[in-house]
Amino acid sequence: MMKDRASLLREIDEVSFAINDLTLYLDTHPDCRDGLAAFHAALPKRESLLKEYAASFGPLTVDCIGKNASPADSFTWLDGPAPWEGGMF
Amino acid sequence: MWNYEKRLQFPVNIKNCCPKTASLIISQFGGPDGELSASMRYLAQRYSMPCKKIGGLLTDIGTEELAHMEMICAMIYQLTKNMTPEDARTAGFDAYYVDHTSALWPTAAAGVPFNACEFQSKGDAIADLTEDLAAEQKARTTYENLIRIIPDPDVRAPLQFLRARELVHFQRFGEALEHLKSDLDSKNFYFYNPEFDKSMKKA
């Protein structure tokens, strides 16, 4: 079943936040095995969610442009709502 | 180098126009303990930080502060985008409105414009890290003051997220300071000027 935009974005927000927070933690605890395991578990999850989002709703990063469902005949980077418009739900 | 990601770190979706609230939270954009000041502080300090790991931490926290600035700006934008001139006048937003309409401009809630004197980059690792610890506590206090006086749940949720991040950043800077102190000359009983300690490890 295809996820709607809001729930997919929420999943991206959650896994990305885990990566942000773990990055700061690992900056001061670089040898923590649990921290490293959580970090490496989250990375591929984010990668695949970004790809899934790009295929249905457009790219969130420039690197995601190539992950659109089919190659677009115009530039897709500025398509979709700006994050500050609150239209990301 | 930075890459933009087209989403906010935490969702901001404010339904009710309220220039009064905007005029208060704008302090976390351009005020003395705001996110612009936080970001510039850490991103400026990192070059001369003698410990490579702490320079990396400053980069990562300084980057997150840019995302916080974006959240605060999104909140101000959503609180004012549908205001009428009458709203601006009665909500005490009129002076700002005259100069900036509903555009974003960094200032403190009391009207003092953003100023680089709000942060320091001293070139001394202990001085800089203790400034960073204080900055996180001051920003936490500001968020707590805002949360006490703003009732709208749409505004409170992102403010509570941002408050929690101040706590985490304080913790990480505290760990960085402990790490730095363990690398000082053991004969240096007072923690000062590690930049001039040539034997300081670059790790």
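For the structure, see preceding data.
To keep things clear, this report deals only with the structure shown in the data block. Small disclaimer: the values here were computed from a predicted structure and weren't measured.

### Considering the overall build of chain B
Counting its regular elements, chain B contains eight helices and zero strands. Ordering the α and β elements of chain B from the N terminus gives α-α-α-α-α-α-α-α. Considered along the principal axes of its C-alpha atoms, chain B spans approximately 65 × 35 × 30 Å. Here chain B, with 203 residues, has 37% of them falling under the buried criterion.

### Focus on the packing of helix H7 (residues 125-149) of chain B against helix H8 (residues 153-182) of chain B
Residues and elements named next belong to chain B. Relative to each other, H7 and H8 sit at 160°, their axes nearing to 9 Å. Taken together, the axes of H7 and H8 are roughly antiparallel relative to one another. Considering only the axes of H7 and H8, their crossing is left-handed. Along the lines of polarity and charge, the residues of the contact of H7 with H8 split into 15 nonpolar, four polar and seven charged.

### A few points about helix H1 (residues 5-28) of chain A
Along its 24 residues, H1(A) runs 35 Å from first to last C-alpha, staying within 8% of the 34 Å computed at 1.5 Å per residue. Those residues of H1(A) that sit buried are A:Leu9, A:Val15, A:Leu22, A:Leu24 and A:Thr28. Of the surrounding elements, those touching the buried residues of H1(A) are helix H2 (33-57) of chain A together with helix H4 (52-80) and H8 of chain B.

### Observations concerning the interface of chain A and chain B
Each partner contributes residues to the interface: chain A has 18 residues there, and chain B has 26 residues. Each residue belonging to the side of chain A that touches chain B can be placed in one class, and the counts come to 10 nonpolar, five polar and three charged.

### Thoughts on H7(B)
Residue and element names in this part refer to chain B. Along its 25 residues, H7 runs 37 Å from first to last C-alpha, staying within 8% of the 36 Å computed at 1.5 Å per residue. What H7 keeps buried is the set Ala-125, Asp-128, Leu-129, Asp-132, Ala-135, Glu-136, Ala-139, Thr-142, Tyr-143 and Leu-146. Structurally, H7 contributes buried residues whose contacts are with helix H1 (19-25), helix H2 (27-30), helix H3 (35-45) and H8.

### Looking at the environment of B:Arg41
All names here are of chain B. Here Arg-41 is to be found in helix H3. Residue Arg-41 is classed as buried on the basis of its C-beta count, with 23 C-beta atoms lying within 10 Å. Distance in space between the C-alpha atoms of Arg-41 and Ser-102 is 27 Å, their sequence separation being 61 residues.

Rules used in this analysis
Residues numbered from 1 in each chain as written. Chains lettered and ligands numbered in written order. Predicted model: local features only at pLDDT ≥ 70, side-chain atom pairs only at ≥ 80, totals over all residues. Helix = DSSP H or I, 4+ residues; strand = E, 2+ residues; numbered from the N terminus. Buried ≥ 20, exposed ≤ 12 C-beta atoms within 10 Å, placed from the backbone. Axes fitted to C-alpha atoms, helices over the stretch in contact; angles between N-to-C directions. Parallel < 35°, antiparallel > 145°, perpendicular 65-115°, else oblique. Left-handed = near helix turned anticlockwise from the far one by under 90°. Nonpolar A, V, L, I, M, F, W, Y, C, P; charged D, E, K, R; others polar. Expected span 1.5 Å × (residues − 1). Contact = placed C-beta atoms within 7 Å.

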